[in-house]
Amino acid sequence: VLYEPEMPANTGNIGRTCCATGTRLHLIEPMGFRINDKMLKRAGLDYWEHLDVTIYDSYEDFLEKNPKARDKMYMATTKARHRYTDVSYEEDAYIMFGKESAGIPEEILCHHKEDSIRIPMIGDIRSLNLGNSVAIVLYEALRQNGFAGMNIEGHLHRLEWDE
C-alpha cells in the first residue's frame, strides 16, 4: 500500500517489484503525478500493464474496500520501535509505506504502535529510497511465507552450471 505516492519513478519501480512477486499494489490519493505519467511507465517498463493495481480516493476508502487490512496491516516507518524482521507476516498481510518526503501521517501511525516496523539505518539518514524500502520489507514477508508460488531456482540460458 502506497500512501499518497509522490514520485512516478519510485511508483513504477514498486509496480515492477509487485509484478515480479505477484503482489497487489494499492495506491492512495492524492498522488503527485498522473497514473499515465511517462516516468511511471518508463520505470515500470513493459510490466505496468500486467500489474494488479487499485487506486483509492482516501485512506478511509482503502479501509472500506479492504476490511481485512484493519487487522493485518504493517506500517513501514522510521518512527517505529520494531524492526521489519521482528514480525511474522501473514500470507495476506498488507504493508503500508508513506510518501518519501513525510512518511505515513502520525494521525494514522498513532493507532498502529505494535504494527509499525522499521528498517535499521546508521546515523541521521532520514529514510531509504521508497522503492528500495518496499523491496526489502516485501521480500522478507515473502521469505517468511516460503516464497509461495515463486520461481526459486534459476537456469543459465546458453550453458550449464559446472558440477
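This text follows the structure it describes.
For the structure given in this document, a descriptive report is provided here. No experiment lies behind these values; they were computed from the predicted model shown. (Residues numbered from 1 in each chain as written. Predicted model: local features only at pLDDT ≥ 70, side-chain atom pairs only at ≥ 80, totals over all residues. Heavy atoms only, no water.)

**As for helix H1 (residues 8-21)**
So, point 1. Helix length check: H1 (14 residues) gives 20 Å between terminal C-alpha atoms against 20 Å at 1.5 Å per residue, within 8%.
So, point 2. When H1 is considered as a whole, its buried residues turn out to be Pro-8, Asn-10, Thr-11, Gly-12, Ile-14, Gly-15, Thr-17, Cys-18 and Thr-21.
So, point 3. Taken from the residues just after H1, Gly-22 is the one with a positive phi, measuring 70°. (Helix = DSSP H or I, 4+ residues; strand = E, 2+ residues; numbered from the N terminus. Expected span 1.5 Å × (residues − 1). Buried < 20%, exposed > 50% of the residue type's maximum accessible area, 1.4 Å probe, protein only.)

**Topic: a nonpolar patch on the surface**
So, point 1. On the surface, a nonpolar cluster with roughly 340 Å² of combined accessible area is contributed by Leu-156, Leu-159 and Trp-161.
So, point 2. Within the secondary structure, Trp-161 is located in the segment after helix H5 (130-144).
So, point 3. Looking at Trp-161, the relative accessible area reads 56%, which means it is exposed. (Patch = residues over 30% accessible without salt bridge, like charges linked within 9 Å, V, L, I, M, F, W, Y side chains within 5 Å. Areas by Shrake-Rupley, 256 points an atom, 1.4 Å probe, with all protein chains shown as cover. Salt bridge = Lys/Arg side-chain N within 4 Å of Asp/Glu carboxyl O.)

**Overview of the environment of Thr-54**
So, point 1. Along the chain, the position of Thr-54 falls in strand S3 (residues 53-56).
So, point 2. Overall, the relative accessible area of 27% leaves Thr-54 in the partly exposed class.
So, point 3. Sequence-wise, Thr-54 and Thr-21 are 33 residues apart; in three dimensions their C-alpha atoms are separated by 16 Å.
So, point 4. Leave out the neighbours within four places in its chain, and Thr-54 touches Arg-24, Leu-25, His-26 and Leu-27. (Contact = heavy atoms within 4.5 Å.)

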